[in-house]
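Results of the structural survey
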2 protein chains.
Amino acid sequence: MKNDCSCEHCKLRSLFFFHTSADVLELMCENKTERQYDKGEVIIWEGSEIKDFIYLKSGLVKLSRKGTDGKDQIISFAKPFDFVSLLSVFSSSIYNYTVTALDSTIICAIDLEKLKAVALKNGEFTMGLMNRVSEATDRIILNNLDIRRKNLKGRVAHVILYFAHYVYKDTRFELPILRREIAEYIGMTTENVIRTMSEFRKDGILKFDGKEIEIVNERLLESVSEHG
Amino acid sequence: MKNDCSCEHCKLRSLFFFHTSADVLELMCENKTERQYDKGEVIIWEGSEIKDFIYLKSGLVKLSRKGTDGKDQIISFAKPFDFVSLLSVFSSSIYNYTVTALDSTIICAIDLEKLKAVALKNGEFTMGLMNRVSEATDRIILNNLDIRRKNLKGRVAHVILYFAHYVYKDTRFELPILRREIAEYIGMTTENVIRTMSEFRKDGILKFDGKEIEIVNERLLESVSEHG
DNA sequence: ATCACAATGTGATAATTATCATATCAGCTT
DNA sequence: AAGCTGATATGATAATTATCACATTGTGAT
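The structure reproduced in this document is the subject of the present report.

Calculation notes
Residues numbered from 1 in each chain as written. Chains lettered and ligands numbered in written order. Predicted model: local features only at pLDDT ≥ 70, side-chain atom pairs only at ≥ 80, totals over all residues. Heavy atoms only, no water. Axes fitted to C-alpha atoms, helices over the stretch in contact; angles between N-to-C directions. Helix = DSSP H or I, 4+ residues; strand = E, 2+ residues; numbered from the N terminus. Contact = heavy atoms within 4.5 Å. Nonpolar A, V, L, I, M, F, W, Y, C, P; charged D, E, K, R; others polar. Pairing = 2+ DSSP bridges. Expected span 1.5 Å × (residues − 1). Buried < 20%, exposed > 50% of the residue type's maximum accessible area, 1.4 Å probe, protein only.

Some words on the packing of helix α4 (residues 123–148) of chain A against helix α5 (residues 152–168) of chain A
All names here are of chain A. At a closest axis distance of 9 Å, the pairing of α4 and α5 adopts a crossing angle of 140 degrees. Residues Arg139, Asn143, Asp146, Ile147 and Arg148 of α4 form the contact with α5, whose participating residues are Arg155, His158 and Tyr166. Within the contact of α4 with α5, the residues separate by chemical class into 2 nonpolar, 2 polar and 4 charged.

Structure follows, in structure tokens:
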């Protein structure tokens with residue numbers, strides 16, 4: 001937990017703020033805390049009070065929610081440049097989702113009251129913030145719509161391509177989530193996700209090597225993602 | 001299409017803005033257009049340029065999107081006090097959804113460039129705006145998650161209860177959408193929605209009289225909504 | 001190393017939902 | 001009034017997905 005004002009040179013800075021006026025810089029430097037989480041650690045608990053505005057500096061997380069039936073549902077995944085403090089922060093005082101690290105993850109937390117105080121005085125800053133929040137929530141909604149259109153095979157293909165294209169930018173990567181978590185994300189059962197991935201392997205679309213996954217036939221996987 | 005600055009007394013005003021400073025009042029009075037749409041008319045076309053910030057004054061609308069396969073998906077419904085210009089407006093220059101009136105509807109349109117100009121100078125106004133946008137998109141995401149947890153019967157029950165509780169605040173109302181539109185909203189087929197509603201009728205949960213629908217056994221409908 | 005436990009993997013069967021076919025009904029036009 | 005069209009309605013069947021049962025593999029703790 002350091003506070004060396006390294007954000008002055010942080011790559012993320014430009015994404016959050018149009019200008020970096022004196023009050024915004026002070027907010028970031030004096031009132032931010034950096035925290036590191038290991039894979040599997042919970043960063044935010046559903047139901048806890050929102051005290052900070054949080055964003056990802058590095059790593060990968062999942063946003064999930066416990067249904068009334070006790071079953072978890074995964075809302076979305078987020079990597080740096082995606083916001084984490086998306087939902088709730090400006091419309092609720094309580095988080096209505098849990099954020100869990102899927103990999104070693106570093107977050108920056110800015111005291112929410114102080115951020116709001118700056119935002120009230122600085123429209124430019126607030127507009128930048130709103131742009132980001134709007135963009136990130138849009139992506140969640142549209143992605144969920146996209147998944148809803150597809151059948152089991154298409155949904156599984158969608159998730160694998162999501163990690164390949166959007167997160168790792170490689171056709172070979174270590175899958176950061178369990179089969180069960182894929183199921184929680186796409187709204188199918190764990191068994192069927194496993195079965196589908198086995199089929200992809202048998203069909204020569206995927207190769208597994210421990211946690212490693214390799215997309216052998218990307219074109220076919222994309223076709224499956226579109227047309228089942 | 002009138003412009004008599006009636007927003008000064010508009011009930012909605014308090015919801016959008018914390019304070020109504022001079023610049024905000026001028027924005028609303030000088031740069032707003034009021035438009036009326038009949039049931040079925042399209043207010044915003046998917047793919048069109050975003051020129052205005054739009055909100056509902058009265059009526060009811062649906063937000064929908066045409067999938068790559070040509071099939072419509074309904075994202076959400078909105079009534080006054082829900083925003084319409086939720087998604088896209090602050091993160092895109094093009095609407096990625098269509099807004100259609102489900103009933104006679106009046107909207108207010110504020111020139112987006114002028115709104116942005118005010119927002120840049122007025123952090124308080126922008127914060128109020130962000131609160132609203134965040135609240136509305138949160139509701140869409142959580143509602144979709146809720147529907148995803150349920151089976152066919154539960155989803156149909158959910159939609160009927162949504163209109164009863166949230167829109168009409170009555171157990172008897174005129175259903176503003178077709179069976180097909182319920183299907184497009186919950187991701188099931190039209191036939192199965194029709195079948196399910198017929199079952200509800202046969203089971204004494206619902207009564208139909210033309211377009212009118214009456215919830216006879218609300219407790220049972222709620223139970224079906226929760227546990228299928 | 002062994003035990004315990006969770007994750008992966010696979011098959012058989014049941015339940016759910018989609019598809020296709022066809023009928024009736026309501027509203028609208030001529 | 002007749003004819004057209006889209007919405008509602010219903011049944012039979014096919015396709016998809018869930019459930020249950022059980023085997024195997026992997027992983028962490030002692």
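That covers the picture; the talk isn't over yet.
Section: the environment of aspartate 146 of chain B
As for its position among the elements, aspartate 146 of chain B is in helix α4 (residues 123–148). Once the C-alpha coordinates of aspartate 146 of chain B and glutamate 226 of chain B are considered, the two residues, 80 residues apart in sequence, prove to be 9.7 Å apart.

Looking at the sheet that holds strand β1 (residues 32–37) of chain B
Residues and elements named next belong to chain B. Spatial strand order, β1-β7-β3: 3 strands in an open sheet with antiparallel pairing. Edge positions in the sheet fall to β1 and β3 (52–58), since each of these pairs with one other strand and no more. The sheet shows a mean angle of 25 degrees between the axes of neighbouring strands, direction not considered. Here β3 pairs with strand β7 (residues 105–111) via 6 bridges, running antiparallel. In the sheet register, phenylalanine 53 faces β7, and the bridge partner there is isoleucine 110.

Here's the deal with helix α7 (residues 190–202) of chain B
All names here are of chain B. Counted at 1.5 Å a residue, the expected span for α7 with its 13 residues is 18 Å, and the 18 Å between its end C-alpha atoms agrees. Three or more residues of α7 are buried, namely Val193, Thr196, Met197, Ser198 and Phe200. Structurally, α7 contributes buried residues whose contacts are with α5 (152–168), α6 (179–186), β9 (206–209), β10 (212–215) and α8 (218–227). Phi turns positive one or two residues past the end of α7, at glycine 204, with a value near 75 degrees.

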